[in-house]
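# Structural overview for review
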Amino acid sequence: MRDTFIRTLTELADKNPNIEVVSGDLGFGVLKPFWESHPNQFVNAGIAEQNLTSVAAGMALEGKTVFTYSIGNFPTLRCLEQIRNDCAYHDANVKVICVGGGFVYGSLGMSHHATEDIAIMRSLPNVTIFCPGDLVEAEAVTRAIADYPGTCYVRLGRGGEKQIHSSLPDFEIGKAIPVSKGEKIAIFSTGAIFEEIEEAKDILRKSGINPTVYTFPTVKPIDTKVIKEIASTHDIIVTCEEHNLPGGFGSAVAEVLAEVPNHARLVRIGMNDQYCTLVGDQKYLRHQYGMSGKKIAERIIFEVK
(Lines give C-alpha, C1' and ligand atoms only; values in the text may rest on other atoms or scores of the structure.)
Protein backbone atom coordinates (compact mmCIF):
# COMPACT_ATOMS: atom_id res chain seq x y z
CA MET A 1 0.00 0.00 0.00
CA ARG A 2 2.76 2.47 0.84
CA ASP A 3 4.28 2.22 -2.66
CA THR A 4 0.84 2.77 -4.19
CA PHE A 5 0.29 5.77 -1.93
CA ILE A 6 3.60 7.42 -2.87
CA ARG A 7 3.17 6.68 -6.58
CA THR A 8 -0.30 8.21 -6.56
CA LEU A 9 0.80 11.20 -4.49
CA THR A 10 3.71 11.83 -6.86
CA GLU A 11 1.31 11.89 -9.80
CA LEU A 12 -0.93 14.34 -7.96
CA ALA A 13 2.02 16.56 -7.01
CA ASP A 14 2.99 16.79 -10.69
CA LYS A 15 -0.18 18.81 -11.21
CA ASN A 16 -0.51 20.46 -7.81
CA PRO A 17 2.50 22.42 -6.49
CA ASN A 18 0.67 22.98 -3.18
CA ILE A 19 1.02 19.32 -2.17
CA GLU A 20 3.74 18.88 0.46
CA VAL A 21 5.13 15.80 2.20
CA VAL A 22 6.66 16.09 5.68
CA SER A 23 8.52 12.97 6.82
CA GLY A 24 9.68 11.85 10.23
CA ASP A 25 13.17 10.80 9.04
CA LEU A 26 12.16 7.40 7.69
CA GLY A 27 10.79 5.63 4.63
CA PHE A 28 13.61 6.84 2.40
CA GLY A 29 13.43 3.89 0.03
CA VAL A 30 9.72 4.50 -0.49
CA LEU A 31 9.78 8.30 -0.49
CA LYS A 32 12.79 8.65 -2.80
CA PRO A 33 10.76 8.97 -6.04
CA PHE A 34 8.78 11.82 -4.49
CA TRP A 35 11.66 13.90 -3.17
CA GLU A 36 13.73 13.37 -6.31
CA SER A 37 10.93 14.60 -8.56
CA HIS A 38 9.59 17.24 -6.15
CA PRO A 39 12.49 18.42 -3.97
CA ASN A 40 10.74 21.70 -3.16
CA GLN A 41 7.64 19.89 -1.92
CA PHE A 42 9.37 17.62 0.58
CA VAL A 43 10.57 18.28 4.13
CA ASN A 44 12.36 15.86 6.45
CA ALA A 45 11.43 17.18 9.88
CA GLY A 46 13.51 14.58 11.69
CA ILE A 47 12.50 12.23 14.49
CA ALA A 48 10.31 14.91 16.04
CA GLU A 49 6.69 14.06 15.33
CA GLN A 50 5.20 16.79 17.52
CA ASN A 51 7.19 19.47 15.72
CA LEU A 52 6.51 17.75 12.39
CA THR A 53 2.75 18.02 12.93
CA SER A 54 2.86 21.66 14.01
CA VAL A 55 4.99 22.51 10.98
CA ALA A 56 2.46 20.74 8.75
CA ALA A 57 -0.41 22.67 10.35
CA GLY A 58 1.34 25.98 9.75
CA MET A 59 2.00 25.11 6.12
CA ALA A 60 -1.62 24.03 5.67
CA LEU A 61 -2.95 27.27 7.14
CA GLU A 62 -0.87 29.08 4.51
CA GLY A 63 -2.64 27.22 1.72
CA LYS A 64 -0.71 23.97 1.34
CA THR A 65 -2.11 20.43 1.30
CA VAL A 66 0.27 18.66 3.64
CA PHE A 67 0.82 14.91 4.06
CA THR A 68 2.66 13.85 7.22
CA TYR A 69 4.29 10.42 6.93
CA SER A 70 5.51 8.02 9.58
CA ILE A 71 5.15 4.42 10.75
CA GLY A 72 2.97 2.62 13.27
CA ASN A 73 1.51 4.86 15.94
CA PHE A 74 4.26 7.52 15.65
CA PRO A 75 2.26 9.99 13.49
CA THR A 76 -0.75 9.78 15.85
CA LEU A 77 -0.16 8.89 19.50
CA ARG A 78 3.22 10.60 19.73
CA CYS A 79 1.79 13.92 18.53
CA LEU A 80 -1.87 13.68 19.50
CA GLU A 81 -2.01 17.11 21.12
CA GLN A 82 -0.65 18.75 17.97
CA ILE A 83 -3.16 16.92 15.76
CA ARG A 84 -5.96 18.00 18.09
CA ASN A 85 -4.97 21.61 18.74
CA ASP A 86 -3.06 22.61 15.61
CA CYS A 87 -4.76 20.57 12.88
CA ALA A 88 -8.27 19.39 13.73
CA TYR A 89 -9.35 22.44 15.75
CA HIS A 90 -8.44 24.72 12.83
CA ASP A 91 -9.72 22.34 10.13
CA ALA A 92 -6.19 22.48 8.73
CA ASN A 93 -5.63 20.68 5.47
CA VAL A 94 -3.27 18.08 6.98
CA LYS A 95 -3.39 14.43 5.94
CA VAL A 96 -1.84 12.18 8.61
CA ILE A 97 -0.46 9.03 6.99
CA CYS A 98 0.30 5.95 9.08
CA VAL A 99 2.25 3.22 7.33
CA GLY A 100 1.96 -0.07 9.18
CA GLY A 101 -1.42 -0.21 10.87
CA GLY A 102 -2.04 -3.05 13.30
CA PHE A 103 0.74 -5.66 13.55
CA VAL A 104 2.73 -4.74 10.44
CA TYR A 105 5.81 -4.05 12.57
CA GLY A 106 5.03 -7.04 14.75
CA SER A 107 8.60 -8.13 15.38
CA LEU A 108 9.46 -4.72 16.86
CA GLY A 109 7.04 -5.10 19.75
CA MET A 110 4.03 -3.18 21.06
CA SER A 111 5.75 0.22 20.86
CA HIS A 112 5.56 -0.12 17.06
CA HIS A 113 2.07 -1.65 16.89
CA ALA A 114 -0.78 0.62 15.85
CA THR A 115 -3.71 -0.96 17.66
CA GLU A 116 -5.41 2.00 19.37
CA ASP A 117 -5.08 4.64 16.65
CA ILE A 118 -8.54 4.33 15.06
CA ALA A 119 -10.29 4.79 18.40
CA ILE A 120 -8.17 7.77 19.39
CA MET A 121 -8.40 9.54 16.04
CA ARG A 122 -12.12 8.76 15.76
CA SER A 123 -12.73 10.65 19.00
CA LEU A 124 -11.37 13.89 17.54
CA PRO A 125 -13.88 16.25 15.89
CA ASN A 126 -13.08 17.36 12.33
CA VAL A 127 -10.96 14.27 11.53
CA THR A 128 -11.97 11.99 8.66
CA ILE A 129 -10.58 8.45 8.94
CA PHE A 130 -9.63 6.01 6.19
CA CYS A 131 -8.43 2.40 6.37
CA PRO A 132 -8.07 1.11 2.81
CA GLY A 133 -8.23 -2.65 2.37
CA ASP A 134 -6.14 -3.09 -0.77
CA LEU A 135 -4.01 -1.22 -3.32
CA VAL A 136 -7.02 -0.05 -5.32
CA GLU A 137 -8.66 1.41 -2.23
CA ALA A 138 -5.35 2.99 -1.19
CA GLU A 139 -5.06 4.78 -4.52
CA ALA A 140 -8.70 5.90 -4.44
CA VAL A 141 -8.34 7.23 -0.89
CA THR A 142 -5.14 9.12 -1.76
CA ARG A 143 -6.78 10.83 -4.72
CA ALA A 144 -9.90 11.62 -2.70
CA ILE A 145 -8.17 13.23 0.28
CA ALA A 146 -5.93 15.37 -1.92
CA ASP A 147 -9.08 17.28 -2.88
CA TYR A 148 -10.91 16.88 0.43
CA PRO A 149 -10.69 19.83 2.83
CA GLY A 150 -9.69 19.44 6.46
CA THR A 151 -7.73 16.99 8.57
CA CYS A 152 -7.67 13.33 7.53
CA TYR A 153 -6.11 10.19 8.94
CA VAL A 154 -5.11 7.35 6.59
CA ARG A 155 -4.07 3.99 8.02
CA LEU A 156 -2.12 1.96 5.46
CA GLY A 157 -0.69 -1.52 5.36
CA ARG A 158 2.95 -1.91 4.49
CA GLY A 159 3.05 -3.99 1.34
CA GLY A 160 2.08 -7.29 -0.21
CA GLU A 161 -1.64 -6.92 0.48
CA LYS A 162 -3.93 -8.86 -1.83
CA GLN A 163 -5.99 -6.95 -4.35
CA ILE A 164 -9.74 -6.98 -3.74
CA HIS A 165 -11.06 -4.80 -6.54
CA SER A 166 -10.17 -4.53 -10.20
CA SER A 167 -11.10 -0.84 -10.09
CA LEU A 168 -13.19 1.64 -8.08
CA PRO A 169 -14.57 4.20 -10.52
CA ASP A 170 -17.38 5.18 -8.14
CA PHE A 171 -15.38 5.53 -4.91
CA GLU A 172 -16.98 7.94 -2.44
CA ILE A 173 -15.78 9.10 0.93
CA GLY A 174 -18.02 7.62 3.62
CA LYS A 175 -19.32 4.75 1.49
CA ALA A 176 -18.78 1.05 2.14
CA ILE A 177 -17.99 -1.17 -0.84
CA PRO A 178 -19.78 -4.47 -1.49
CA VAL A 179 -17.45 -7.39 -2.22
CA SER A 180 -19.77 -10.40 -2.29
CA LYS A 181 -23.45 -11.04 -1.70
CA GLY A 182 -24.61 -13.76 0.65
CA GLU A 183 -27.26 -14.44 3.23
CA LYS A 184 -27.87 -14.37 7.00
CA ILE A 185 -24.25 -13.55 7.93
CA ALA A 186 -22.52 -10.30 6.93
CA ILE A 187 -18.83 -9.53 7.41
CA PHE A 188 -17.72 -5.90 7.63
CA SER A 189 -13.98 -5.34 7.29
CA THR A 190 -11.74 -2.31 7.43
CA GLY A 191 -8.09 -2.06 6.52
CA ALA A 192 -5.52 -4.57 5.33
CA ILE A 193 -6.96 -7.41 7.41
CA PHE A 194 -9.31 -7.98 4.50
CA GLU A 195 -6.93 -10.61 3.14
CA GLU A 196 -7.88 -12.72 6.15
CA ILE A 197 -11.56 -12.25 5.31
CA GLU A 198 -11.00 -13.86 1.94
CA GLU A 199 -9.50 -16.92 3.60
CA ALA A 200 -12.30 -17.02 6.18
CA LYS A 201 -14.92 -16.80 3.44
CA ASP A 202 -13.52 -19.86 1.69
CA ILE A 203 -13.61 -21.86 4.94
CA LEU A 204 -17.14 -20.70 5.72
CA ARG A 205 -18.46 -21.69 2.31
CA LYS A 206 -17.12 -25.21 2.79
CA SER A 207 -19.17 -25.26 6.01
CA GLY A 208 -22.33 -24.16 4.19
CA ILE A 209 -22.16 -20.51 5.23
CA ASN A 210 -22.29 -17.94 2.46
CA PRO A 211 -21.58 -14.51 3.97
CA THR A 212 -22.25 -11.08 2.56
CA VAL A 213 -18.98 -9.12 2.62
CA TYR A 214 -18.37 -5.38 2.69
CA THR A 215 -15.13 -3.45 3.02
CA PHE A 216 -15.18 -0.07 4.74
CA PRO A 217 -12.30 2.12 3.50
CA THR A 218 -13.88 5.02 5.40
CA VAL A 219 -14.35 4.54 9.14
CA LYS A 220 -15.41 8.12 9.87
CA PRO A 221 -17.91 9.07 8.63
CA ILE A 222 -19.22 5.51 8.77
CA ASP A 223 -21.70 4.29 6.15
CA THR A 224 -24.84 4.26 8.28
CA LYS A 225 -27.06 3.47 5.31
CA VAL A 226 -25.33 0.17 4.50
CA ILE A 227 -25.17 -0.82 8.18
CA LYS A 228 -28.90 -0.24 8.64
CA GLU A 229 -29.80 -2.05 5.42
CA ILE A 230 -27.72 -5.11 6.28
CA ALA A 231 -28.97 -5.07 9.88
CA SER A 232 -32.54 -5.42 8.61
CA THR A 233 -31.83 -8.30 6.21
CA HIS A 234 -29.22 -10.42 8.03
CA ASP A 235 -29.09 -12.28 11.33
CA ILE A 236 -25.50 -11.54 12.34
CA ILE A 237 -23.06 -8.77 11.46
CA VAL A 238 -19.38 -9.55 12.12
CA THR A 239 -16.88 -6.69 12.21
CA CYS A 240 -13.18 -7.43 11.69
CA GLU A 241 -10.33 -5.06 12.45
CA GLU A 242 -6.64 -5.31 13.28
CA HIS A 243 -7.20 -3.01 16.23
CA ASN A 244 -8.33 -2.91 19.83
CA LEU A 245 -12.09 -3.40 20.16
CA PRO A 246 -13.03 -0.46 22.45
CA GLY A 247 -13.61 2.60 20.30
CA GLY A 248 -12.58 1.00 17.03
CA PHE A 249 -14.37 0.08 13.82
CA GLY A 250 -16.68 -2.39 15.55
CA SER A 251 -17.63 0.29 18.04
CA ALA A 252 -18.51 2.64 15.19
CA VAL A 253 -20.84 0.00 13.77
CA ALA A 254 -22.29 -0.69 17.23
CA GLU A 255 -23.12 3.00 17.68
CA VAL A 256 -25.24 2.89 14.53
CA LEU A 257 -26.97 -0.35 15.53
CA ALA A 258 -27.76 1.01 18.99
CA GLU A 259 -30.23 3.40 17.39
CA VAL A 260 -31.84 0.77 15.14
CA PRO A 261 -34.70 -1.36 16.55
CA ASN A 262 -34.78 -5.12 15.89
CA HIS A 263 -31.38 -5.24 14.26
CA ALA A 264 -28.96 -8.06 13.52
CA ARG A 265 -26.77 -9.36 16.32
CA LEU A 266 -23.27 -7.87 16.32
CA VAL A 267 -20.06 -9.86 16.74
CA ARG A 268 -16.81 -7.89 16.95
CA ILE A 269 -13.43 -9.44 16.11
CA GLY A 270 -10.23 -7.64 17.07
CA MET A 271 -7.91 -7.12 20.03
CA ASN A 272 -9.88 -7.81 23.20
CA ASP A 273 -8.93 -4.66 25.16
CA GLN A 274 -5.32 -5.68 25.64
CA TYR A 275 -1.77 -4.94 24.57
CA CYS A 276 0.12 -7.40 22.43
CA THR A 277 2.68 -9.13 24.63
CA LEU A 278 4.04 -11.41 21.91
CA VAL A 279 6.66 -10.78 19.26
CA GLY A 280 6.41 -12.15 15.74
CA ASP A 281 5.43 -11.27 12.21
CA GLN A 282 2.01 -9.93 11.29
CA LYS A 283 0.48 -13.26 10.26
CA TYR A 284 1.64 -14.92 13.46
CA LEU A 285 0.22 -12.18 15.69
CA ARG A 286 -3.07 -12.10 13.82
CA HIS A 287 -3.49 -15.80 14.45
CA GLN A 288 -2.49 -15.56 18.10
CA TYR A 289 -5.05 -12.84 18.74
CA GLY A 290 -7.92 -14.41 16.81
CA MET A 291 -7.72 -12.39 13.60
CA SER A 292 -6.38 -14.90 11.09
CA GLY A 293 -8.69 -16.24 8.40
CA LYS A 294 -8.94 -19.58 10.21
CA LYS A 295 -9.72 -17.96 13.56
CA ILE A 296 -12.30 -15.60 12.03
CA ALA A 297 -14.07 -18.51 10.36
CA GLU A 298 -14.04 -20.55 13.58
CA ARG A 299 -15.54 -17.66 15.51
CA ILE A 300 -18.32 -17.15 12.98
CA ILE A 301 -19.16 -20.88 12.89
CA PHE A 302 -19.32 -20.85 16.69
CA GLU A 303 -21.64 -17.81 16.67
CA VAL A 304 -23.92 -19.39 14.08
CA LYS A 305 -24.30 -22.54 16.15
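Just above, that's the structure.
Let us look at the structure shown here. No experiment lies behind these values; they were computed from the predicted model shown.

### Side note on the sheet that holds strand β11 (residues 236–244)
One open sheet holds the five strands; their spatial order is β7-β9-β8-β11-β12, and the pairing between them is mixed. The strands lining the two open edges of the sheet, one partner per strand, are β7 (177–180) and β12 (265–271). Between one strand axis and the next, the sheet turns through 25° on average, direction left out of account. Strand direction decides the pairing type here: strand β8 (residues 185–189) and strand β9 (residues 212–215), joined by four bridges, are parallel. Of the residues in β9, the one forming a bridge with Phe 188 is Tyr 214. Across the sheet, helix α11 (residues 293–304) touches β8, β11 and β12, and the angle it forms with β12 is around 155°.

### A word on the nonpolar core
Of all hydrophobic cores here, the largest spans 41 residues; its most connected members are Phe 188, Phe 216, Ile 227 and Ile 237. Of all the secondary-structure elements, those providing two or more residues to this core are α3 (49–61), α4 (80–88), β4 (94–99), α5 (117–122), β5 (127–130), β8, α8 (224–233) and α9 (249–257). Once you skip the residues sitting within four places of it in the chain, Ile 237 turns out to touch Ala 186, Phe 188, Ile 227, Ile 230, Ala 231, Leu 257, Ala 264, Arg 265, Leu 266 and Val 267. Listed in part, the 36 residues of the second largest apolar core include Leu 26, Val 104, Val 136 and Val 154.

### Section: the packing of helix α7 (residues 194–206) against α11
Running from N to C, α7 and α11 cross one another at 50°; their axes reach a closest spacing of 7 Å. Judged on the interaxial angle alone, α11 and α7 are oblique. For the crossing formed where α7 meets α11, the hand is right-handed. From α7, Glu 196, Ile 197, Glu 199, Ala 200, Ile 203 and Leu 204 reach across to α11, where they touch Gly 293, Lys 294, Ile 296, Ala 297, Ile 300 and Ile 301. Partitioned by chemical class, the residues of the contact of α7 with α11 number eight nonpolar, one polar and three charged.

Thresholds applied
- Residues numbered from 1 in each chain as written.
- Predicted model: local features only at pLDDT ≥ 70, side-chain atom pairs only at ≥ 80, totals over all residues.
- Heavy atoms only, no water.
- Pairing = 2+ DSSP bridges.
- Helix = DSSP H or I, 4+ residues; strand = E, 2+ residues; numbered from the N terminus.
- Axes fitted to C-alpha atoms, helices over the stretch in contact; angles between N-to-C directions.
- Contact = heavy atoms within 4.5 Å.
- Core = buried A, V, L, I, M, F, W, Y, C linked by side-chain atoms within 4.5 Å.
- Buried < 20%, exposed > 50% of the residue type's maximum accessible area, 1.4 Å probe, protein only.
- Parallel < 35°, antiparallel > 145°, perpendicular 65-115°, else oblique.
- Left-handed = near helix turned anticlockwise from the far one by under 90°.
- Nonpolar A, V, L, I, M, F, W, Y, C, P; charged D, E, K, R; others polar.

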